[in-house]
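# Structural overview for review
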Amino acid sequence: MDRVPVLKIGDILLVSIQVDMDDNTALALQDTLTERIVETSAHGVIIDITALDIVDSFIGRMLSTIASVSRVLDAETVVVGMRPAVAITLVELGLSLTGVRTALNVERAMELLELSRPARASSLSVVGDGLDVFDDDSPVA
Amino acid sequence: MYPAAAPQQVNLVPIVRDDDVVRVRQAVRTAALAAKLSLVDQTKLVTAASELARNTLIYGGGGRAEIEQADNGRKRGVRVVFADEGPGIADLELAMTDGYTSGNGMGLGLSGARRLVDEFDIDTAAGRGTRITVTKWAR
Ligand SMILES: Nc1ncnc2c1ncn2[C@@H]1O[C@H](COP(=O)(O)OP(=O)(O)O)[C@@H](O)[C@H]1O
Ligand SMILES: [Mg+2]
């Protein structure tokens, strides 16, 4: 079973999926990421899937789960690098990737996470679907 | 006319472990490239194969994939059979419904795979195992 490395850049975690993952590797990544979000108090997670030539319902569910779990832990997840053929196939498969934000590349994802930062720092509320519990830890410069 | 496909043997990939699903994906990709499927069609076929191979493993208790080049005299394509000697599917209509799972999946494997290929044939009955044949043609 291959391990997927998780990089930390400021308060953002960056994961580049490099291999054709088997299901156990995908589940391990989900657990590792959750632990790392808590350990590092990360405010953003970027998952780069440029290397993935397919996303099936298992990987799709992994992405959705990471997005919802990270949101509960006050981190926003952005998936980057989805190939056009993968996007087309996902739609026909019937997978909607609920709650998963996407961006073209890592730079765009960084910008997106930067933009969503002031809102999260200033609010102490339960919003939207009732899952987004924002805390007001540290004021952002 | 197109150049006739070289005679191909059936590529048999056993499905008994998690990483066999990865091997099925890779073998189907290779066959799809050889049949000159477009990138989108390759992606659709490999995704369908991933779903069906996982079902063979999880619900069929293991089995095999048989991958071969197809040729109907007009077009080339790839045909893949997923076969197991597991419990079979008692209620096929229910199993083919979007969102239905008897386990903890998303219930999109069977119904989604059918949408992603050109031909989808399923032979199953309670206690008799499951055999699914899918074909994707080059356009
Ligand atoms: N090879 C198989 N043998 C027995 N049952 C199967 C097989 N493949 C699929 N099924 C049944 O069909 C249901 C739907 O399959 P699928 O659409 O792939 O959804 P999921 O894998 O998420 O459960 C499964 O939950 C299972 O009950
Ligand atoms: Mg399935």
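Residues numbered from 1 in each chain as written. Chains lettered and ligands numbered in written order. Predicted model: local features only at pLDDT ≥ 70, side-chain atom pairs only at ≥ 80, totals over all residues. Heavy atoms only, no water.

In the annotation of an unreviewed UniProt entry, chain B is listed under the name Anti-sigma regulatory factor and assigned to Virgisporangium aliadipatigenens.

Naming follows an unreviewed UniProt entry, where chain A appears as Anti-sigma factor antagonist of Virgisporangium aliadipatigenens.

### Some remarks on the overall build of chain B
Helices and strands together make up the secondary structure of chain B, namely 4 helices and 5 strands. Taken from N to C terminus, the helices and strands of chain B fall in the order β-α-α-β-β-α-α-β-β. Rg of the C-alpha trace for chain B: 15 Å, near the compact-globule value of 14 Å for 139 residues, within the 12% margin. For chain B, the spread of C-alpha atoms along the principal axes amounts to about 45 × 25 × 25 Å. Each of the 139 residues in chain B was classed as buried or not, and the buried ones make up 51%. For chain B, contacts bridging at least 24 residues in sequence account for 62% of all contacts bridging at least 6. Approximately 6,700 Å² of chain B is accessible, and the part contributed by carbon and sulfur atoms is 52%. Separation between the mean location of the 18 positive side-chain charges and that of the 17 negative ones in chain B comes to 7 Å. (Helix = DSSP H or I, 4+ residues; strand = E, 2+ residues; numbered from the N terminus. Rg over C-alpha atoms; globule rule 2.2 N^0.38 Å. Buried < 20%, exposed > 50% of the residue type's maximum accessible area, 1.4 Å probe, protein only. Contact = heavy atoms within 4.5 Å. Areas by Shrake-Rupley, 256 points an atom, 1.4 Å probe, with all protein chains shown as cover. Lys, Arg positive; Asp, Glu negative; His and termini not counted. Charge placed at Lys NZ, Arg CZ, Asp CG, Glu CD.)

### A look at helix H4 (residues 109-116) of chain B
Counting buried positions along H4(B) gives 6 out of 8 residues, so the element sits mostly inside the fold. By the burial criterion, the buried members of H4(B) are Gly109(B), Leu110(B), Ser111(B), Gly112(B), Ala113(B) and Leu116(B). The inward-facing, buried residues of H4(B) abut helix H3 (84-93) of chain A together with helix H2 (39-58), helix H3 (92-95), strand S4 (119-124) and strand S5 (130-137) of chain B.

### Points about the environment of Asp74(A)
As for its placement among the helices and strands, Asp74(A) is situated in the loop between helix H2 (57-72) and strand S4 (76-80). We classify Asp74(A) as buried; its relative accessible area is 5%.

### Description of unusual backbone geometry
Residue and element names in this part refer to chain A. Within the chain, Asp 74 stands out as a residue other than glycine whose phi angle is a positive 60 degrees. A positive phi is found at Leu 97, a non-glycine position, where the angle reads about 50 degrees. Looking at the secondary structure, you find Leu 97 in the loop between H3 and strand S5 (101-103). The buried category is assigned to Leu 97, whose relative accessible area is 11%.

### Notes on the pattern of salt bridges
Residue and element names in this part refer to chain B. Inspection of the entire model under this criterion finds 21 salt bridges over all chains. The salt bridge partner of Arg 115 is Asp 98, with a shortest N-O separation of 3.1 Å. Of this pair, Arg 115 sits in helix H4 while Asp 98 sits in the loop between H3 and H4, and the two are 17 residues apart along the sequence. The exposure class assigned to Arg 115 is partly exposed, which follows from its relative accessible area of 34%. For Asp 98, a relative accessible area of 43% puts it in the partly exposed group. (Salt bridge = Lys/Arg side-chain N within 4 Å of Asp/Glu carboxyl O.)

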